[in-house]
Structures are given as C-alpha cells and as structure tokens.
Amino acid sequence: MSDRSQLISTGEPFQFDKERDAEFERLVKRYPTRESMILPALWLTQEQEGWISQEAIAYIADRIGTFASKVYEAATFYTMYNLHPMGKHHICVCRTLSCWLRGKQEIIDYMRDELGLTPGKKTEDGKFSLEEVECLGHCGTAPVVQVDGEFHENMDVEKFKSLLATLK
Ligand code: FES
C-alpha cells in the first residue's frame, strides 16, 4: 500500500466474473476508444476482488487491447486503486497539510498503539487495513478519514474510536 510501484502476483489467472463481464461489455459501447475503459475496468476489478493484482493488470490490458504498461500507470497513479489485498474494512487517512496540522497523526498513532496497525498493513485478523493518502478534498473539515469509501470529517481519536466500534 505504501509502495505503489510494486504489483503483487496471485499466481492465478484473473478474469471478470459474469456480472463484471457483462458490465464491461455494456460500458465499452459508451466510450469513443477502448483505452478509455482502463479506469472503469480497474474499478470493476476492485469491486470484484477488493484489489488489483499483476494478473488483473495483464487481463485488463488484453481485454482492452492495449499495453499492460498503460494499465499499470493508471493503477499505480490513482491511490483509490488498491494494489494489495485489503482488510475487511479499509481505512484511508489523509496525510496532507490541513489534516497533518489538525491531528491526523494522533489517529495514526492510536491505530498503531491499539490495533498494532501501521500504514501499508492489515491487522492480524484481517479486519482492518490502513493507508495514508494524499488530500481527500475535504480540507476545510480536516482531519479526514475514509473508511470503506465513506468520508468522516473533523475526526479526532474519540470519534475515530466510536467509528471503529460500529464496524463489524
Ligand atoms: S488536506 Fe486532508 S482533505 Fe485536504
């Protein structure tokens, strides 16, 4: 999660399931070129697997008819794409200036001390994974945490603890 240049191999071939396959075919008709499908195809993969493996990159490139390097570039550039297996609940903490000044580190420290969870890792039980990310676009309500894609603003350790307690 921290090193976004390294892809992980599952050692197994990847392909879309029936539902994503149909969605790919539906979407591809809406774009002027097949290469425009790189980002949607990465989303479909993440929806299906929770993350994007080396094999998935090769599959998407093949399916679209482009170079794997182009799919790799997109997948590694955008931090919304997970390049490692995630925990059941994936936590992103913004590390950019406003969040940094307003206490994001206290939340990170809490996870390290209470859950043994550090950026780029999963808890032993696989329940949580953590990543520090760049600005999430809600700087006026920093610090901002995103859990399973949902934004939580004006966070502090107490609010964060309550939030974790709601996650099964
Ligand atoms: S700096 Fe954290 S949301 Fe912008």
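Residues numbered from 1 in each chain as written. Predicted model: local features only at pLDDT ≥ 70, side-chain atom pairs only at ≥ 80, totals over all residues. Heavy atoms only, no water.

Focus on the UniProt feature "binding site: [2Fe-2S] cluster" (unreviewed entry) in the protein chain
Residues given the UniProt feature "binding site: [2Fe-2S] cluster" (unreviewed entry) here are Cys94, Cys99, Cys135 and Cys139. Judged by maximum C-alpha separation, these annotated positions cover 46 residues in sequence but sit close together in space, the widest gap being only 9.3 Å. Of the annotated set named above, Cys135 line the largest pocket. Here Cys94 is to be found in strand β1 (residues 89-94). Setting aside residues no more than four positions away along its own chain, Cys94 makes contact with Cys99, Lys104, Val133, Glu134, Cys135, Leu136 and Val144. Along the polypeptide, Cys99 turns up in helix α5 (residues 97-101). If near-sequence neighbours (up to four positions away) are discounted, Cys99 is found in contact with Cys94, Lys104, Ala142, Pro143 and Val144. (UniProt positions renumbered as here; feature names shortened; annotations may be inferred. 1 Å grid on protein atoms, 1.4 Å probe; cavity = no way out; pocket = protein on both sides within 12 Å on 5 of 7 lines; lining within 4 Å. Helix = DSSP H or I, 4+ residues; strand = E, 2+ residues; numbered from the N terminus. Contact = heavy atoms within 4.5 Å.)

A few points about the side chain of His89
Residue placement: His89 occurs in strand β1. Beyond its immediate stretch of four places on either side in the chain, His89 contacts Lys127, Phe128, Ser129, Asp148, Leu167 and Lys168.

Describing the domain arrangement of the protein chain
Each assigned domain of the protein chain is listed with its residue range as follows: domain 1 (18-77) and domain 2 (89-165). For domain 1 and domain 2, the distance between their C-alpha centres works out to 28 Å. (Domains from an automatic or database assignment.)

Here we look at the sheet that holds strand β4 (residues 150-152)
In a beta sheet, neighbouring strands are held together by backbone hydrogen bonds and run either parallel or antiparallel to one another. Read across the open sheet, the 4 strands follow the order β2-β1-β3-β4; overall the sheet is mixed. Because the sheet does not close on itself, it has two edges, and the strands there are β2 (128-133) and β4. Within the sheet, the average angular offset between the axes of one strand and its neighbour, ignoring direction, is 25°. (Pairing = 2+ DSSP bridges. Axes fitted to C-alpha atoms, helices over the stretch in contact; angles between N-to-C directions.)

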